[in-house]
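Chain and residue survey
Residues per chain are reported as follows:
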Protein chains: 2
Amino acid sequence: MGEFELIERFFKRAALQADVGIGDDCAIWTPSPGHQLAMSADMLVEGRHFLSTVNPRDLGHKSLAVNLSDLAACGATPRAFLLSLSLPRADEVWLSAFTQGLFALADAHACELIGGDTTQGPLNVAITVMGEVPVHQAILRSGAQVGDDVYVSGHLGDARLALEAFRGTVSLPQSALELARSRMERPEPRTALGVSLRGVATAMADLSDGLLGDLGHILKSSRVGADIQIAAIQNLMLTRGLWACPQDLLQRCVLSGGDDYELVFTCHPSQHPHVQSLSESCGTPVTRIGRITSDPRLLLRSEDGDVLANTFTSFDHFS
Amino acid sequence: MGEFELIERFFKRAALQADVGIGDDCAIWTPSPGHQLAMSADMLVEGRHFLSTVNPRDLGHKSLAVNLSDLAACGATPRAFLLSLSLPRADEVWLSAFTQGLFALADAHACELIGGDTTQGPLNVAITVMGEVPVHQAILRSGAQVGDDVYVSGHLGDARLALEAFRGTVSLPQSALELARSRMERPEPRTALGVSLRGVATAMADLSDGLLGDLGHILKSSRVGADIQIAAIQNLMLTRGLWACPQDLLQRCVLSGGDDYELVFTCHPSQHPHVQSLSESCGTPVTRIGRITSDPRLLLRSEDGDVLANTFTSFDHFS
């Protein structure tokens, strides 16, 4: 199977919204009037972002999911993506499973593959995603205000727990391992919640490097600090219902685990009922975990108000 | 040096045309009124697209050049790009040279880095480029008409000649090797020519896999054939003035060498003087090499009109 047959068989689909899709030098796209583009790129490397044993269907899903998560974090509606894929060989079984996972998620979000590149080399999946947002309604990291509430969506720490289990540093019951693994390998981008928070959230980011690190980006961009209630994060780990996770491991996974692809966002306290209602209509739980402060530090507080030592670090590819 | 310091030191620059550049979850971009977007992605893998001995400055240049070449092939004006970079390690000397080559070309084309990703892994450079073209003026592969002239820009075959020299299958004089190597490692995207051909060329593609293969894409998309004059391609190899290239090697390099990043395009014969004048104003030579036919084959003809056997194949990553 040659390169063009590979593209034709596994990747070429009829252009839906694109004026020109796969098959020319460029894809041609007409932007929606009154909208800005939101664009993001993420690259997944074997051994770094996924294990060689990963199910290719899950890899196809996750490769797009982490990109859609960036769009959600800006409140942008997904529109299209480009895929650059380096493969050791043209393996039909692998490609079939990979594209099933990829296109199932793409179709669920009406996000169209419009172009890309295939080449031979070490397994590497690079996606650039394009979304649209009404002019001046993108939710940036820089808008958090002193007094705003801090929220996170969904569940945190389970992906890191799965990684620790695969590394052998923790032993989990089978049910907890399966749930944690699915959180690691099949994250669900919070697109509906992200889009619904336009005009509501003052700042937002997605959680890929860990809560403290990614919230830290919001604080730095907004030139504010935050008080986070340690009690509020106790129930964020989904697998916690299935086994007795030691407290220090739970805190480490939730606060700095990474790979969560949930949203952290800030809102004026008056929006609390509205946020709850959006959470329900999107089917995505949200938890209020703290408050934005003028003190430019990120502090963790116990229930009686004491500041806890912060020994957590976020993920860094080169440190 | 950590990941965020790496981005800050080597890649973050003030946003020029972007509403939001590097540093949020997405880049935010306002499209120009009355324009469509043209988007393309290319991935360069060590050992496959470049040798491990490549000068990182040249690699930075070439990684963007091959993407700009795709925009040129649609007649699109470069606007912005996203870079996903997998690096074995954060090497400051390497990064400094790579970004010098990258940004020199980006600045020359007013094409702004608006986002991307950095990760640790085997050396891999994936770029997605975005350009703009006035509505319905993109030059596609599908527009060639029977009777149109076929042109190529610049020079062909030298990049492949350099590759053969590095492989040891041919021995070149030093001056020819240096010239061929610079054609391989520092291709110049034909942006000015591509943009100026809007409304003039009926079809266009860039030459990355070899003339016969890439012209073949135009013929297939346009459902036509072509007669190519073998005499017209004799002088396309730039290094030919520096050594006596054997005729069979010259033809192989020019017709199916690949890695040229020139343009192949078709125009109504009445446009010939106009094409010549655009070529002069852009400072890019063009050569008329044949004509579009209704016979859906790509035929090579000798000066006395005989059809030559076509034994040339174009580059394919998986065959």
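About the cut-offs
Residues numbered from 1 in each chain as written. Chains lettered and ligands numbered in written order. Predicted model: local features only at pLDDT ≥ 70, side-chain atom pairs only at ≥ 80, totals over all residues. Heavy atoms only, no water. Axes fitted to C-alpha atoms, helices over the stretch in contact; angles between N-to-C directions. Helix = DSSP H or I, 4+ residues; strand = E, 2+ residues; numbered from the N terminus. Parallel < 35°, antiparallel > 145°, perpendicular 65-115°, else oblique. Left-handed = near helix turned anticlockwise from the far one by under 90°. Contact = heavy atoms within 4.5 Å. Nonpolar A, V, L, I, M, F, W, Y, C, P; charged D, E, K, R; others polar. Phe/Tyr/Trp six-rings, centres within 6.5 Å; stacked < 30°, edge-to-face > 60°. Buried < 20%, exposed > 50% of the residue type's maximum accessible area, 1.4 Å probe, protein only. Least-squares fit on C-alpha atoms with pLDDT ≥ 70 in both. 1 Å grid on protein atoms, 1.4 Å probe; cavity = no way out; pocket = protein on both sides within 12 Å on 5 of 7 lines; lining within 4 Å. Points joined across faces, edges and corners; volume = space filled by probe spheres on them. Buried area = accessible area lost by both parts, 1.4 Å probe. Salt bridge = Lys/Arg side-chain N within 4 Å of Asp/Glu carboxyl O. Polar contact = N/O pair within 3.5 Å; in protein donor to acceptor, adjacent residues only side chain to side chain. Pairing = 2+ DSSP bridges.

Our next topic: the packing of helix 4 (residues 158-167) of chain B against helix 8 (residues 247-256) of chain B. All names here are of chain B. Running from N to C, helix 4 and helix 8 cross one another at 120 degrees; their axes reach a closest spacing of 8 Å. Regarding the angle of helix 4 to helix 8, the classification is oblique. Considering how the two elements wind past one another, helix 4 and helix 8 form a crossing that is right-handed. On the side of helix 4, the interface is formed by Arg160, Leu161 and Glu164, while helix 8 contributes Leu249, Arg252, Cys253 and Ser256. Split by residue class, the contact of helix 4 with helix 8 holds three nonpolar, one polar and three charged.

All names here are of chain A. Tallied over the entire structure, the rule returns four aromatic pairs over all chains. Consider the rings of Trp94 and Phe98, whose centres lie 4.9 Å apart with planes at 10 degrees: the pair is stacked. Taken together, the residues Trp94 and Phe98, both in helix 3 (residues 92-108) and four residues apart, mark about one turn of the helix. Aromatic side chains Tyr151 and Phe265 sit 5.1 Å apart centroid to centroid with 10 degrees between the ring planes, which places their arrangement in the stacked category. In this pair, Tyr151 sits in strand 6 (residues 149-153) while Phe265 sits in strand 9 (residues 263-267), placing the two residues 114 residues apart along the sequence. Considered together, Tyr151 and Phe265 belong to a single accessibility category, that of buried residues.

This next bit is on the relation of the copies chain A and chain B. The two copies are related by a screw operation: chain A maps onto chain B through 180 degrees of rotation and 0.0 Å of translation along the axis, at an RMSD of 0.0 Å. With respect to symmetry, the two chain copies, as superposed, fit the operation of a two-fold axis. Counting the interface residues of chain A, we find that 100% of their copies in chain B are interface residues as well, pointing to one common contact surface.

Turning our eyes to something else, we now look at empty space enclosed by the protein. Enumeration over the complete set of coordinates arrives at two cavities of 30 Å³ or more. What lines the largest cavity is a set of 14 residues, and nearest its centre among them are Ala126(A), Ile127(A), Thr128(A), Ala126(B) and Thr128(B). Counting residues per element, the ones that place at least two in the lining of the largest cavity are strand 3 (77-87) and strand 5 (124-134) of chain A together with strand 3 (77-87) and strand 5 (124-134) of chain B. In terms of residue class, the lining of the largest cavity is made up of 10 nonpolar, four polar and no charged. Space inside the second largest cavity adds up to approximately 30 Å³. Across the lining of the second largest cavity, the residue classes break down as four nonpolar, two polar and no charged.

Right, let's talk about the interface of chain A and chain B for a bit. Tallying the contact residues gives 65 residues for chain A and 65 residues for chain B. Here chain A meets chain B over a buried area of about 5200 Å², counting both sides, of which 60% is carbon and sulfur. Counting across the chain A and chain B interface gives four salt bridges. Its salt-bridge partner being Arg141(B), residue Asp25(A) comes within 3.2 Å of it at the nearest N-O pair. Our count for the chain A to chain B interface comes out at 25 residue pairs in polar contact (both at pLDDT 80 or more). Residue assignment for the side of chain A that touches chain B shows that the elements contributing at least two residues are helix 1 (3-11), strand 1 (27-29), strand 2 (35-45), helix 2 (56-73), strand 3, strand 4 (112-120), strand 5 and strand 7 (201-206) of chain A. With 10 residues, the top contributor of residues to the side of chain A that touches chain B is strand 2 of chain A. Class assignment of the residues belonging to the side of chain A that touches chain B gives a composition of 33 nonpolar, 19 polar and 13 charged. Pairing of strand 1 of chain A with strand 2 (residues 35-45) of chain B, which is carried by three bridges, proceeds in the antiparallel orientation.

Here we come to the pattern of salt bridges. In this structure the tally under the stated criterion is 34 salt bridges over all chains. With its nearest N and O atoms 2.8 Å apart, the salt bridge here joins Arg160(A) to Glu164(A). Placement of the pair is Arg160(A) and Glu164(A) together in helix 4 (residues 158-167), with a separation of four residues, close to one helical turn. Of the two residues examined, Arg160(A) and Glu164(A), each falls in the buried class. Arg297(B) serves as the salt-bridge partner of Asp295(B), at 2.9 Å between the closest nitrogen and oxygen. Classification of Asp295(B) by relative accessible area gives partly exposed; the value is 28%. What you see here is one network of salt bridges that share partners, running through Glu5(A), Arg9(A) and Glu92(A).

All quantities given are derived from atomic positions and should not be read as evidence of function.
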